[in-house]
Amino acid sequence: MSAAMSFQPVLLWTDLLLLLLLGAAFLAVLYMRANPPLRETWRRVGKRPAGMAAATVLLSFVAIGVLDSLHFRPILPALEMTGAMSEAAASEPPASVTAVEHGVAMYSTEVLSVLDSVLEPLRAQTEKTYSAPFASQLYQREAMELPDGSQARGYPRLVHGAAHLQHPAQEQSADIARRLVSALGQAVLAWLMVFMVVATWVWRGSGLRWGEVAAAMLRGHTVLAWRAALLTLGLIVLVVSLCIELAPLYHVFGTDKVGQDVLYLSLKSVRTALVIGTITTLVMMPFAVALGIAAGYLGGWVDDAVQYVYTVLNAIPGVLLIAAAVLMMQVVIDTNPQWFDTAAERSDARLLALCFILGITSWTGLARLLRGETLKLRELEYVQAARAFGVKTPAILRRHILPNVMHIVMIALVMDFSGLVLAEAVLSYVGIGVDPTTISFGTMINMARAELAREPMVWWSLAAAFVFMFVLVLAANLFADVVRDAFDPRRS
Amino acid sequence: MLAYLVRRALYAIPILIGVNLLTFVLFFVVNSPDDMARMQIGVKRATPEAIERWKTERGYDKPMFVNAEASGSARFTETIFFDKSLRMFALEFGRADDGRDIGQEIHDRMGPSLAIALPTFVLSLMISISFALLLVFFRATYLDFAGVVLCVAMMSISSLFYIIGGQWLVSKLWALVPISGYATGLDAGRFLVLPVAISVIAGIGSSARWYRTIFLEEISKDYVRTARAKGLSELAVLFRHVLRNALIPILTGVVVVIPLLFMGSLLVESFFAIPGLGSYTIDAINAQDFAVVRAMVFVGSVLYIVGLILTDLSYTLVDPRVRLE
C-alpha cells in the first residue's frame, strides 16, 4: 500500500491547468516545427536579440513556476503517526487494527511543492521578526540576558542568518567576498558547460567545424540570436550560484515580519504571477474566440447579442466588476468550508476563481478584435469560394477563418500576460486579489507597505518584490513586442 | 444630430438594464442575503435574530421579486429587486452601512476626485503626446530606441511602486510636500502636486508608446510625403499634419475615459488619503459594504456610456467627414 511512500502527491486545480498549458505548449511546438510558415515566423522572433534574451528569462521563471506546481503532502514523522494511531485505536478498535496492520500512513495537512524541498533551508530558517539583508542581528532591540546573568537591551543575534560566524562584524565582509569569488567560479564553469551543450546542438548537422560554430555564436553571427540568449543565461547562472552560495547562510533579501526569508517569498510569488498571467488568458480564450468569430461571421442577431454582452461587461469599470465578483466568491467559499481538505486547496480555489473573474472581465477586448478581423475575412475571395462550393459553416470557420485569426490570439496571449501580473499586485493591495495566505507579489507589497513608516525603514521586502516583478514584467513586455512584430502582418 | 443623440441615449437603456441585472444576480442570487449576513456578522455570532436584524437594517428582509403579502402595485415595489435595483435608475442609491446617504456621499466626493483626476488627465495627455512626437521626430535613431526602451521599462513597473517610491522620496526624504491628506481651496495645491505628478509619470510609458505607434502609422501616408515635398519643415509636418490626423485614433481611446474621471483613482486616493470616490470605493470593498459597491458599479457604467456618446460627438469635431445620422 501507500505506506512505503514518503509523500502523497497533491494536484491542485491550478497545477492541473498549468501542467495542461505546458503540455499544450509542447504540442504547439511540435505542430509549429512541422509547419513551415509558422516556423519561419518563430524564426523571426529568434533572430531578435531582445526576443531571445527575454525568452531565456521567461523560461527560467517558468522553470521556477513548474517546480512550485508539483505539490505533495509529506508523511508525518513515525512518532507522531503512532500517537495518532493509538488514539484512533482507542476510539475505534476493530477498523484501526486492520489499518495498523496495513500501515496506513498519515500525511501532513501542509501542502509543499518540489520548490519548497529544493529551498528547504530557506523555508525552514525563519527568524523571530524583521532582519535586514545580510544582517547578523535582529532589526528590533530586545531585552537579552547577558552571559553574566544581567539583563540589557540590545540587538539579539539571528538564529540562522550569519550564524556560522563567530564575530560577524569583523568576519562578515571577508566571508561574503570569499563566497562571491567561489560563486563566480562556479558560475563560469556552469556557463561554459551550457555553452558547450548549446554550441554542439547548433553545430550538429551544420557541416561546419565545431570551433567555427562556437566562434560565430560568440561573435553574434548566427541566424538565431544565440549570443543574447547565452549572455542572459550567464547572468541567470551567476545569480543562481550566488544564491546557492549565500542564501543558506545569510538572508540575502532579509526577513519579513514573521521572520520568513524574503528571497523564499519572492521565489514563491513567481508561481502566483504565472498562474494569473497565463490561466486567465487560457480560460477566457475559448469564449473570446468562439463569440468573436461567431459574431463576425454569422452577423444578424448573433452579432447583436454578442455585442450587447460585451458592451454591458465593458460598461462596468473593471476594478468594480472584479471587486463585486470577488466579494461574492468570498462569501461562497466562506459558507462552504467543507469543500476543501487543506488550506492550500482553499486558497488555490480562490486563485482559480480570481483567474476566471479576470478572464470574464477581459475577454471583451479580444472578442472585439476577432469580430472585426472576421468581418474582413468573410468577404475575401477564398471564403466566398468555399461558401459557393457549399462548404458548411462550421467547416469554413474551422478551416478558413480560425487559422487566419490565430495570430491575433497569439499576440493577445503574450500582450495580456504582463498586464495581468501587474493587475494581481494592485488587486491584492486593494484586498480583492489572491487569498491573504497565498504568497504573491501583491501580498508581499501589501505587508511591506505598512512598515515603511518605521525608522530605520524596512525596505527589503519592497525591494525584492520590485526586482522580481520588474524583471518578469520587463521580459514579458519585450517578448510580447517581438512576438507582435513577428506575427502582425502589418508590421513586417 | 439631435435625433442621433436621442437614439444613442435610448440605446443606453438596455445596456444599463443589463448592468443592473448582472449586479443583481451577483449580489442577491449567487448568495442569498442570509449568506451575506452570516459572513458580515461572523459565523460564530450569527444567530437567527442577528441575521434578521442585519437584513431589516438594510432592507434585505423583503421578498426577491414578488411580494405576495402586499396588494396593488406594492406587490412589485415592496421587493428587493425594486428597492435595490430599479431605484438606481432614479439615482436613489439608499444608505451605506454607516447610515449615510450614498447619493449625497457621491456628490460630496466628486470634487476631490476631480481635483486629482482632471489635472492628471490633461497633463499626461500633453506630456505623453509631446514625448511621443519627440520620439517620432528622432525616429530610427538611437534616441528613439532609448526612448522606447525607457517607455517599456517604465511600463514594467507596478503603479504601486511609483506611489510608494514617490511618497518616500518627495515627502519623506526631501520633505517637500505633506505625505498625504487633503484640504479645500487654495491650500489644496500642496496636497495635490505629488499625487498628480506621480499619476502622470506612472502613465507616460504605456501612453507615449501607444501614441508613437499611431504617429508612425500616420507618418508613412502619402499626404505626409506631399507636405514634405512642398517644403514644409519637419516640425510643421509633425504638428500641423500628423498630429491633427492622428487625433482620430487617439480620441477613440481618450474621450471615453473623461466622464470616468469623476470616479477618481482607487490607488492614488487611498495612498494619499484623498476623500474622493476612489477611496470611498476601496473603503467600501474592505468593509464589504455591498450597497456602496453596487451604487459605484451603476454610476461607473452610466459614466462609461456617456463617454461612448462623447466619443462619437468628438469625431464630428475633429473629422468633418464624419456625420452622425
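Cut-offs and rules
Counting starts from 1 at the beginning of each chain's written sequence and moves along it residue by residue. Chain A is the first chain written and ligand 1 is the first ligand written, with later ones labelled in order. Where local features are concerned, this predicted model is filtered to residues with pLDDT of at least 70; where side-chain atom pairs are given and counted, the filter is 80 or more; whole-chain, interface and lining totals use all residues. Helix and strand definitions here come from DSSP, where helices need a minimum of 4 consecutive H or I residues and strands a minimum of 2 consecutive E residues; each element is numbered from the N-terminal end. For the radius of gyration, the atoms used are the C-alpha atoms, and the globule rule reads 2.2 Å times the number of residues raised to 0.38. The exposure scheme places C-beta atoms from the backbone and then counts, for each residue, the other C-beta atoms within 10 Å of its own, assigning buried at 20 or more, exposed at 12 or fewer, and partly exposed in between. Two residues form a contact once the distance between their C-beta atoms, set from the backbone, is within 7 Å. Under the convention adopted here, Pro, Cys and the residues Ala, Val, Leu, Ile, Met, Phe, Trp and Tyr are nonpolar, Asp, Glu, Lys and Arg are charged, and Gly plus all remaining residues are polar. Note: pLDDT gives the predictor's confidence per residue, expressed from 0 to 100. As a rule, the C-alpha atoms of each element are fitted with a line to give its axis, helices using only the stretch in contact, and angles between N-to-C directions run from 0 to 180 degrees. Convention used here: angles under 35 degrees read as roughly parallel, angles over 145 as roughly antiparallel, angles from 65 to 115 as roughly perpendicular, and any remaining angle as oblique. Crossing chirality is assigned from the near helix's rotation relative to the far helix, an anticlockwise turn below a right angle marking it left-handed and a clockwise turn marking it right-handed. At least two DSSP bridges between two strands are needed for those strands to be called paired.

## Section: the overall build of chain B
- Helix and strand content of chain B: 14 helices and zero strands.
- Here the C-alpha radius of gyration of chain B, 25 Å, is well above what a compact globule of 325 residues would show, namely 20 Å.
- Once the C-alpha set of chain B is aligned to its principal axes, its extents read approximately 80 × 60 × 35 Å.
- The burial tally for chain B puts 34% of its 325 residues in the buried class.
- Expressed as a percentage of contacts within chain B between residues at least 6 apart in sequence, the contacts between residues at least 24 apart total 65%.

## So, the interface of chain A and chain B
- Counting residues at the interface gives 36 residues for chain A, matched by 40 residues for chain B.
- Every element with two or more residues in the side of chain A that touches chain B is listed here: α12 (300-315), α13 (318-335), α16 (393-430), α17 (441-449) and α18 (460-487) of chain A.
- Element by element, the count of residues in the side of chain A that touches chain B is highest for α13 of chain A, at 11 residues.
- By residue class, the composition of the side of chain A that touches chain B is 29 nonpolar, five polar and two charged.

## Some points on α17 of chain A
- With seven of nine residues buried, α17 of chain A lies mostly within the body of the structure.
- Among the residues of α17 of chain A, Phe441, Gly442, Thr443, Met444, Ile445, Asn446 and Ala448 of chain A are the ones counted as buried.
- Looking at the buried side of α17 of chain A, the elements it contacts are α11 (262-298), α16 and α18 of chain A together with α8 (159-173) of chain B.

## Thoughts on the confidence of the model for chain A
- Confidence in the prediction for chain A averages 85 pLDDT; 93% of positions are at 70 or higher.
- Across residues 80-101 of chain A, where pLDDT falls below 50, the model places 10 contacts with residues more than four positions away in sequence or in other chains.

## Focus on the packing of α8 of chain B against helix α9 (residues 188-219) of chain B
Residues and elements named next belong to chain B.
- Running from N to C, α8 and α9 cross one another at 140 degrees; their axes reach a closest spacing of 10 Å. With respect to their mutual orientation, α8 and α9 come out oblique. You can see that α8 and α9 cross each other, and the crossing is right-handed. Side by side, α8 and α9 meet where Ser159, Tyr162, Ile163, Gly166, Val170 and Ser171 of the first sit next to Leu194, Ile198, Ile201 and Ala202 of the second.
- Classifying every residue of the contact of α8 with α9 gives seven nonpolar, three polar and no charged.

## Considerations on the pairing of strand β2 (residues 71-74) of chain A
Residue and element names in this part refer to chain A.
- Pairing analysis gives four bridges linking strand β1 (residues 7-10) to β2, with the strands arranged antiparallel. The residue of β2 that forms the bridge with glutamine 8 is arginine 73.
- When β2 meets strand β3 (residues 112-113), the two strands line up antiparallel, connected through two bridges. Across the sheet, the residue bridging to histidine 71 is serine 113, located in β3.

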